[in-house]
Amino acid sequence: MQVHAIDAGVRAREIFAGSSTTFAELISLGAVLQGANQLDDARRLFEMALFGYSSGIDPETKTNVLRKLILCTYKDPDLPAEIRLQTAEQMLGAVLGEPLDDSAEPTSPIIVDLAATLDRFPKLKQDLLGIAGAVQKRRWDIYGQRVHLVSSYQYYRRGYEMGCQNDLGYNAINLAFVLDLLGEQEEGEPNHGLATRAMAEKVRTEIVAILDPVHTVATQETFQKLSDPHLMNDWWVLLTLAEAWLGLKDYAKAAYWMAAAADLRAKLELMLTNKSI
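Residue numbers restart at each chain and count upward from 1, following the sequence in its written direction. The model is predicted, so local features are restricted to residues of pLDDT at least 70 and side-chain atom pairs to those at 80 or more, both for listing and for counting; the totals for chains, interfaces and linings are taken over all residues. Side-chain measures here rest on the full set of heavy atoms in the structure, leaving out hydrogens and waters.

Visitor: For the overall build of the protein, give the residues involved together with the corresponding values.
Guide: In terms of regular secondary structure, the protein is built from 12 helices and zero strands. In sequence order, the protein lays out its α and β elements as α-α-α-α-α-α-α-α-α-α-α-α. Here the term buried applies to any residue with accessible area under 20% of the maximum for its type, exposed to any over 50%, and partly exposed to those in between, with areas from a 1.4 Å probe on protein chains only. Counting all 277 residues of the protein, 43% fall into the buried class. Two residues qualify as a contact provided that any one of their heavy atoms is within 4.5 Å of a heavy atom in the partner residue. Considering only contacts within the protein whose residues lie at least 6 apart along the sequence, 59% involve residues at least 24 apart. The secondary structure listing takes helices from DSSP runs of H or I that are at least 4 residues long and strands from runs of E that are at least 2 residues long, numbered from the N terminus.

Quick look at the structure:
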């Protein structure tokens, strides 16, 4: 049975007040509220699920819950910026097996155990590296310090090196963007950021070669579909292609894929509207 965000919010309040619940219910409600952008309540539900109700749950499922908890934490507008970023960083550092600084809170044994099994789930690890890159990029957005941009680059590059095809270019397209930003900051240096820009171009070229292998043909008809037809229904893939082609200065292809993404978004919104009537 489909649960709407309003009902999920009401049930979440009951749970926060002490009503009995289960791991499955917490995850289901959290997913609904996360989708409705009610991130504070979603974060609290995922936190309860992971740290209070996950005994006997397999490591992959628990790592997925941790991933959702980290996403809701660093994006939660109800938390002060430094708290949400620092909390997300500590969870990411722990699950990725990185040394924490002396000021960090003690790591939960649950996350320590998940760190020991993370290499068994490469797609999850790649995704977590991308999230770590996004957290550092958000720090740069807020504080404007180059060190955070470099840290973002390092995480995105690690994710990219796990295989551009494995995450449909997510880490790669973000890596290229961060490289552009770093290149702008290096314009006053001897090489004027040329090496950084060259790497960004290489990354974008790899993205379109993987997602849009017919890109070498110049006719408009080649844009009608991707080699994998399922990707035509993936809004993020279409946007990734548009952004990659834009960075490569092929504006016709960038415009085509941006229009395809807008068209798909309109169709998805219409489907959601019809379902809710």
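Still more ground to cover, so stick around.
Visitor: Hey, could you go over the packing of helix 4 (residues 59–75) against helix 6 (residues 109–117) for me, with residue numbers and the actual values?
Guide: Relative to each other, helix 4 and helix 6 sit at 115 degrees, their axes nearing to 10 Å. Helix 4 and helix 6 meet at a crossing whose hand is left-handed. Across from Pro59, Lys62, Thr63 and Leu66 in helix 4, the residues of helix 6 making contact are Ile111, Leu114 and Thr117. Throughout this entry, Asp, Glu, Lys and Arg are counted as charged residues, while Ala, Val, Leu, Ile, Met, Phe, Trp, Tyr, Cys and Pro are counted as nonpolar. The remaining residues, Gly among them, count as polar. Of the residues in the contact of helix 4 with helix 6, the class split is four nonpolar, two polar and one charged. Note on definitions: angles span 0 to 180 degrees between N-to-C directions of axes, and those axes are lines fitted to C-alpha atoms, for helices only across the stretch in contact. With the far helix as reference, a near helix turned anticlockwise by less than a right angle produces a left-handed crossing, and one turned clockwise produces a right-handed crossing.

Visitor: Summarise helix 9 (residues 170–185); cite the residues concerned and give the values.
Guide: Helix length check: helix 9, at 16 residues, gives a terminal C-alpha distance of 23 Å against a target of 22 Å (1.5 Å per residue), a fit within 8%. Every buried residue belonging to helix 9 is among Asn171, Ala172, Ile173, Asn174, Leu175, Ala176, Val178, Leu179, Leu181, Leu182 and Gly183, and all of these are buried. Those residues of helix 9 that are buried lie in contact with helix 7 (122–143), helix 8 (146–160), helix 10 (194–211) and helix 11 (235–247). Here the expected length of a helix is defined as 1.5 Å per residue gap, with one fewer gap than residues.

Visitor: Requested: an account of the pattern of salt bridges, with residues and values cited.
Guide: Every case where a carboxyl oxygen of Asp or Glu lies within 4 Å of a side-chain nitrogen of Lys or Arg is listed as a salt bridge. Enumeration over the complete set of coordinates arrives at 15 salt bridges. In this structure, the salt-bridge partner of Asp40 is Arg43, at a minimum N-O distance of 2.6 Å. Of this pair, Asp40 and Arg43 both sit in helix 3 (residues 39–52), separated by three residues, roughly a single helical turn. Judged by its relative accessible area of 13%, Arg43 is buried. A salt bridge links Glu98 to Arg158; the shortest N-O distance between them is 2.9 Å. Of this pair, Glu98 sits in the loop between helix 5 (81–95) and helix 6 while Arg158 is found in helix 8, placing the two residues 60 residues apart along the sequence. For Arg158, a relative accessible area of 33% translates into the label partly exposed. Ionic contacts of the salt-bridge type, sharing partners, join the residues Arg11, Glu14 and Glu25 into one network.

Visitor: A description of the nonpolar core should follow, citing residues and the corresponding values.
Guide: Residues enter a nonpolar core if they are buried and are Ala, Val, Leu, Ile, Met, Phe, Trp, Tyr or Cys, with the set joined through side-chain atoms within 4.5 Å. Within the largest apolar cluster, 71 residues are counted, with the highest numbers of intra-cluster contacts made by Leu66 and Trp257. At eight residues, helix 9 tops the list of elements feeding residues into this core. Those residues in contact with Leu66, other than ones at most four positions away along the chain, are Leu50, Met91, Val95, Ile111 and Leu114.

Visitor: Kindly report on the packing of aromatic side chains, identifying the contributing residues and their values.
Guide: Ring pairs shown here join Phe, Tyr and Trp side chains whose ring centres sit within 6.5 Å, with only the six-membered ring taken for Trp; geometry is labelled stacked below 30 degrees between planes, edge-to-face above 60, and tilted in between. Under the counting rule described, the total for this entry stands at two aromatic pairs. Both rings, one in Trp235 and one in Trp236, keep their centres 4.9 Å apart while their planes meet at 65 degrees; by these two values the pair is edge-to-face. Classification of Trp236 as exposed rests on a relative accessible area of 60%. Here the aromatic rings of Tyr256 and Trp257 are separated by 5.0 Å at their centres, their planes lie at 85 degrees, and the arrangement is edge-to-face.

Visitor: Explain the packing of helix 7 against helix 8 residue by residue, including any values.
Guide: Describing two packed helices takes the angle between their axes plus the distance from one axis to the other. Interaxial distance between helix 7 and helix 8 falls to 8 Å at its minimum, and their mutual angle equals 165 degrees. As summarised for this structure, helix 7 and helix 8 are arranged roughly antiparallel, according to the angle between their axes. In the packing of helix 7 onto helix 8, the handedness of the crossing is left-handed. Across from Gln126, Leu129, Gly130, Ala132, Gly133, Ala134, Gln136, Lys137, Arg139, Trp140 and Tyr143 in helix 7, the residues of helix 8 making contact are Arg146, His148, Leu149, Ser151, Ser152, Tyr155, Tyr156, Arg158 and Gly159. Along the lines of polarity and charge, the residues of the contact of helix 7 with helix 8 split into eight nonpolar, eight polar and four charged. Working rule for angles: under 35 degrees goes down as roughly parallel, over 145 as roughly antiparallel, 65 to 115 as roughly perpendicular, anything else as oblique.

Visitor: So, unusual backbone geometry: which residues are in play, and what are the values?
Guide: Even without glycine at this site, Asn37 takes up a positive phi of about 65 degrees. Of note, Asn37 is situated in the loop between helix 2 (23–35) and helix 3. Look at Asn37 and you get exposed, because its relative accessible area is 59%. Backbone geometry at Lys249 places phi at a positive 65 degrees, although glycine is not the residue there. Here Lys249 is to be found in the loop between helix 11 and helix 12 (251–276).

Visitor: Please provide a residue-by-residue account of helix 5, values included.
Guide: Since the α-helix turns once every 3.6 residues, residues separated by three or four places project in the same direction. Compared with an ideal rise of 1.5 Å per residue, which puts 15 residues at 21 Å, helix 5 spans 21 Å between its outermost C-alpha atoms and is within 8% of the ideal. The elements touched by buried residues of helix 5 are helix 4, helix 6 and helix 7.

Visitor: An account of the environment of Gln34 is requested, with residue identities and associated values reported.
Guide: Mapping Gln34 onto the fold places it in helix 2. The sequence separation of Gln34 and Ala5 amounts to 29 residues, and the corresponding C-alpha distance is 9.1 Å. With residues up to four places along the chain from it excluded, the contact list for Gln34 reads Leu39, Ala42, Phe46, Lys68, Leu71 and Cys72.

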